[in-house]
Amino acid sequence: MGGEQSLALPPEKGPHRVGCADVMVGHTQQGLFFRLFYPCVPRDGAERPLWIPRYEYCSGLADFSGHSRRWCAPLLSIAIGSCRVPLSWKAPFKPCSSGYPLIIFSHGLGAFRTVYSSICMQMASWGFVVAALEHRDSSAAMTYFCTAEAVREQWIPHQQVPQGQKEFYFRNNQVHHRANECARALQLFRDISRGNSIPNVLPQGFDLSVLKDSIDLAKAAVMGHSFGGVTAVLALVKEPGFRCAVALDAWMFPLENVLYPEVPKPVLFINTEKFQTPESVAKMKRLSSRNSQTKIITILGSVHQSQTDFAFLTGKLINRVFNARGTLDPSKCLDITSQAALAFLQRHLATWLPSPGRNWQCLEDVGKCWLGSPWESCWLGLFPAPAK
């Protein structure tokens with residue numbers, strides 16, 4: 001099968017150990033579903049969650065990749081179905097009297113809530129609470145909700161653009177649905193902070209009440225990859241509570257032109273080398289020309305999937321299916337991505353991070369940076385050079 005497959009996610013780099021849990025609110029498609037990443041109290045022998053939560057997600061990945069689910073889904077299940085994420089499943093939440101800053105994360109087309117565990121766990125390790133949404137607009141590879149009747153699961157498969165319909169209108173409807181979900185997620189955390197009882201309808205679900213008094217809602221950001229990147233940009237328009245956005249290799253196509261002047265807050269665009277088109281970058285520059293705090297950087301040697309967990313799957317099979325790796329080592333790409341995001345968030349959320357050497361100075365001076373090998377060059381224009 002092209003060699004043994006495993007998920008080699010790097011450990012947390014920040015001072016906090018990280019736990020995660022799934023949260024589902026509501027019994028209809030209009031509810032919310034996300035994986036929560038949070039600073040936790042470490043415990044020995046903690047369970048590590050599966051990266052692919054259910055077999056149905058293998059079927060969704062097969063459909064999205066254009067392969068027959070009859071053979072591809074079982075193959076994916078055998079190859080990666082047993083991969084686990086190096087986090088503590090449902091570990092005790094670590095309270096914070098000053099409040100953790102919050103990130104709402106939006107996945108890309110054909111992805112789902114666990115595909116960005118690498119970047120989400122890194123952000124949580126530096127003291128963020130991260131809610132990685134699983135969108136219900138039919139853009140996920142697969143998702144579901146639990147009905148009130150006997151907690152029956154209702155699955156929502158991935159949907160391609162219907163025949164005869166223009167892609168822009170289909171995707172534009174989806175991006176608005178997604179941005180509304182991001183706004184609803186922020187409202188959910190407001191309700192939790194007010195002490196409202198918010199049931200997690202999943203069996204033996206994580207108790208959301210433990211988050212009360214430990215999240216600083218004045219320091220909320222939205223982040224996403226690809227379709228999720230442009231979702232994050234639109235969420236700034238829809239929800240004034242978001243202070244800024246981080247857009248990883250944003251797919252700008254679905255956003256209507258009339259909304260660009262309405263984006264009120266700064267955005268950090270972190271692009272890969274092989275995905276963006278001149279038209280897409282021109283749209284990003286429209287935003288940066290209106291807001292001097294909006295920045296665009298490109299990581300050389302990276303491809304679109306470099307900012308997902310797929311880049312950390314070892315073995316040749318999955319890399320052939322998903323074209324997951326560029327020439328830049330995925331761990332270095334993750335380091336560049338997370339450190340740039342941390343510098344940006346530290347600036348615009350006015351939050352202190354225990355991360356010596358990471359600051360805003362580079363992004364103050366640079367509108368566009370090209371970063372890549374060797375690793376030391378990633379510091380140029382972004383952060384002060386590390387001490388030798």
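Structural data are supplied above this passage.
Residues numbered from 1 in each chain as written. Predicted model: local features only at pLDDT ≥ 70, side-chain atom pairs only at ≥ 80, totals over all residues. Heavy atoms only, no water.

### Some details on the packing of aromatic side chains
Item 1. One pass over the structure, following the stated rule, counts 14 aromatic pairs.
Item 2. An angle of 35° between the planes, with centres 4.6 Å apart, marks the rings of Y144 and W155 as tilted. Placement of the pair is Y144 in strand β6 (residues 142-146) and W155 in strand β7 (residues 153-157), with a sequence separation of 11 residues.
Item 3. Residue classification places Y144 among the buried positions, given a relative accessible area of 7%.
Item 4. Relative to Y169, the ring of F168 has its centre 5.5 Å away and its plane inclined at 80°; by these criteria the two rings are edge-to-face.
Item 5. Ring-pair connections join several aromatic residues into one group, and the members of that group are F33, Y57, F112, Y144 and W155.
Item 6. The cationic tip of R54 hangs over the ring face of Y144; the distance from NZ or CZ to the ring centre is 5.5 Å. (Phe/Tyr/Trp six-rings, centres within 6.5 Å; stacked < 30°, edge-to-face > 60°. Helix = DSSP H or I, 4+ residues; strand = E, 2+ residues; numbered from the N terminus. Buried < 20%, exposed > 50% of the residue type's maximum accessible area, 1.4 Å probe, protein only. Lys NZ or Arg CZ within 6 Å of the ring centre and 35° of its normal.)

### Looking at the environment of A250
Item 1. Turning to its location among the elements, A250 is positioned in the loop between β9 (242-248) and β10 (267-272).
Item 2. When the C-alpha positions of A250 and G108 are compared, they lie 9.0 Å apart, and in sequence the two are 142 residues distant.
Item 3. Aside from chain neighbours lying at most four places away, what touches A250 is S226, G229, V230, F269, N271, F275, Q276, S280 and M284. (Contact = heavy atoms within 4.5 Å.)

### Side note on the packing of helix α3 (residues 117-125) against helix α8 (residues 330-348)
Item 1. Taken N-terminus to C-terminus, the directions of α3 and α8 make an angle of 45°; their axes are 10 Å apart at the nearest point. The orientation of α3 relative to α8 falls into the category oblique. The way α3 lies across α8 gives a crossing that is right-handed. Contact with α3, carried on its side by S118, I119, Q122 and M123, involves L334, T337, S338, A341, L342 and L345 of α8 and no other residues of that element.
Item 2. Its residues assigned to classes, the contact of α3 with α8 comprises 6 nonpolar, 4 polar and no charged. (Axes fitted to C-alpha atoms, helices over the stretch in contact; angles between N-to-C directions. Parallel < 35°, antiparallel > 145°, perpendicular 65-115°, else oblique. Left-handed = near helix turned anticlockwise from the far one by under 90°. Nonpolar A, V, L, I, M, F, W, Y, C, P; charged D, E, K, R; others polar.)

### A look at the layout of surface pockets
Item 1. In this model, the largest pocket occupies a volume close to 350 Å³.
Item 2. Lining the largest pocket are 18 residues; nearest its centre among them are D22, R35, W89, R113 and Y144.
Item 3. The residue makeup of the lining of the largest pocket, split by class, is 8 nonpolar, 1 polar and 9 charged.
Item 4. If you add up the space inside the second largest pocket, you get close to 240 Å³. (1 Å grid on protein atoms, 1.4 Å probe; cavity = no way out; pocket = protein on both sides within 12 Å on 5 of 7 lines; lining within 4 Å. Points joined across faces, edges and corners; volume = space filled by probe spheres on them.)

Don't take any of this as a statement about function, it's just geometry.
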